[in-house]
Amino acid sequence: MSASGGTRAIVAALAANLAIAVAKFVAFLFSGSSSMLAESVHSLADSGNQGLLLLGGKKAKREATPQHPFGYGRERYIYAFLVSIVLFTVGGMFAIYEGIEKINHPHPIEAWYWPVGVLLFAIVAESFSFRTAIKESNEIRGKQTWTQFVRRAKAPELPVVLLEDLGALVGLVLALGGVGLALLTGNGVWDGIGTLCIGTLLILIAIVLAAETKSLLLGEAAGIEEIEKIKTALVDGDVVTGIIHMRTLHLGPEELLVAAKIAVEGHDTASEVADAINAAEARIREAVPIARVIYLEPDIYRPEAAK
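Residues numbered from 1 in each chain as written. Predicted model: local features only at pLDDT ≥ 70, side-chain atom pairs only at ≥ 80, totals over all residues. Heavy atoms only, no water.

**As for the packing of aromatic side chains**
Across all of its chains, the model carries 4 aromatic pairs by this definition. Judged by centre distance (5.9 Å) and plane angle (40°), the rings of Phe-25 and Phe-28 are tilted. Pair noted here: Phe-25 and Phe-28 are both in helix 1 (residues 7-31), with a separation of 3 residues, about one helical turn. The exposure class assigned to Phe-25 is partly exposed, which follows from its relative accessible area of 40%. (Phe/Tyr/Trp six-rings, centres within 6.5 Å; stacked < 30°, edge-to-face > 60°. Helix = DSSP H or I, 4+ residues; strand = E, 2+ residues; numbered from the N terminus. Buried < 20%, exposed > 50% of the residue type's maximum accessible area, 1.4 Å probe, protein only.)

**A word on the side chain of Lys-154**
As for its placement among the helices and strands, Lys-154 is situated in the loop between helix 5 (146-152) and helix 6 (157-185). A distance of 2.6 Å separates the side chain of Lys-154 from the side chain of Glu-220, its partner in a polar contact. Not counting chain neighbours up to four residues away, the residues in contact with Lys-154 comprise Tyr-77, Leu-216, Glu-220, Ala-221, His-250 and Pro-253. (Polar contact = N/O pair within 3.5 Å; in protein donor to acceptor, adjacent residues only side chain to side chain. Contact = heavy atoms within 4.5 Å.)

**Comments concerning the side chain of Asn-17**
Position of Asn-17 relative to the elements: it lies in helix 1. For Asn-17, a relative accessible area of 0% corresponds to the buried category. The contacts of Asn-17, once residues within four sequence positions are left out, are Ser-43, Asp-46, Ser-47, Gln-50 and Glu-126.

**Concerning the pairing of strand 2 (residues 255-264)**
Most of strand 2 is tucked away, with 9 of its 10 residues classed as buried. Judged from the 10 bridges that link them, strand 1 (residues 240-252) and strand 2 form a sheet pairing that is antiparallel. The residue bridging Arg-247 from the neighbouring strand is Ala-259, located in strand 2. Counted along the chain from strand 1 to the antiparallel partner strand 2, the turn is 2 residues long. (Pairing = 2+ DSSP bridges.)

**Some words on the sheet that holds strand 3 (residues 291-300)**
Read across the sheet, 3 strands follow the order 1-2-3 without closing on themselves; strand pairing throughout is mixed. The open sheet has two free edges, formed respectively by strand 1 and strand 3, since each of these has just one partner strand. Strand after strand, the sheet turns through a mean of 15° between neighbouring axes, direction not considered. On top of the sheet, helix 9 (residues 270-287) reaches strand 1, strand 2 and strand 3; it is set at about 145° to strand 3, its chief contact. (Axes fitted to C-alpha atoms, helices over the stretch in contact; angles between N-to-C directions.)

**Some words on the pattern of salt bridges**
For the structure on display, the rule yields 12 salt bridges. A salt bridge links Arg-151 to Glu-212; the nearest nitrogen and oxygen atoms lie 3.7 Å apart. A residue pair is termed long-range when its members are at least 10 positions apart, and Arg-151 in helix 5 and Glu-212 in helix 7 (residues 189-218) qualify at 61 residues. On the basis of relative accessible area, Arg-151 is assigned to the exposed category, the value being 56%. Asp-299 serves as the salt-bridge partner of Lys-261, at 3.7 Å between the closest nitrogen and oxygen. Placement of the pair is Lys-261 in strand 2 and Asp-299 in strand 3, with a sequence separation of 38 residues. (Salt bridge = Lys/Arg side-chain N within 4 Å of Asp/Glu carboxyl O.)

That is the geometry; function is a separate question.
Here it is as structure tokens:
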């Protein structure tokens, strides 16, 4: 996986979440806070998720085989989709269950300094991880808004890490609020409410991730800018006079399939058409380097064929 695929952000998030998960679980053992238990499971699930992203990136590098002639680039999408499932089940549903249990059977928080101290430490650690993800995203985000970046990114790792880190920071604030209110009021129900809010947040993030990675798994076309570059590169105004129709498909985040029916003149020889196709393929690859697989079909332009 390239650096632009978010490897540094994934490793930073993995290191932070492993340390935070241990600290949160220790705090839960000393305090009995359900928010801390939910947060420790959340961090453990996030650690597993980052491991899945790294595994998906490694598997996606495998060479194409006769059985999989277009390679394994989409493995990154599959593992990103698994992340959303883990976040929903292990993180969200567990927190919902734990929150309801604590609301029904509240008990005061003991050794309050443990959960408060660990939560403050976790906020600092997650902030550094979030900063790394933002820095890497800004290198490729361009002029897109953050919402557009998450929705349009073809490499799933950075959007996943961004949403996970954002969810972790908000979840930590919710946990801190639940613990704080439980300590101030002496009522453990607030700890359960905080846990319930964390679970709801994680489920919402998991749904967003699942929707976006599902779209990538189904197969997305190239971006608008890339499509325009391909169209410009295809037509030379000499032999290739136009594009009858064209389709693009991401075989992976960094591999694009281009298939087009191009218009040529009836008097062009087979040799001229073949040379024009080879030249067009070279121009496309120069304009859009990720266009790895290109199929061009020459035809005499007819209005009824341009569909």
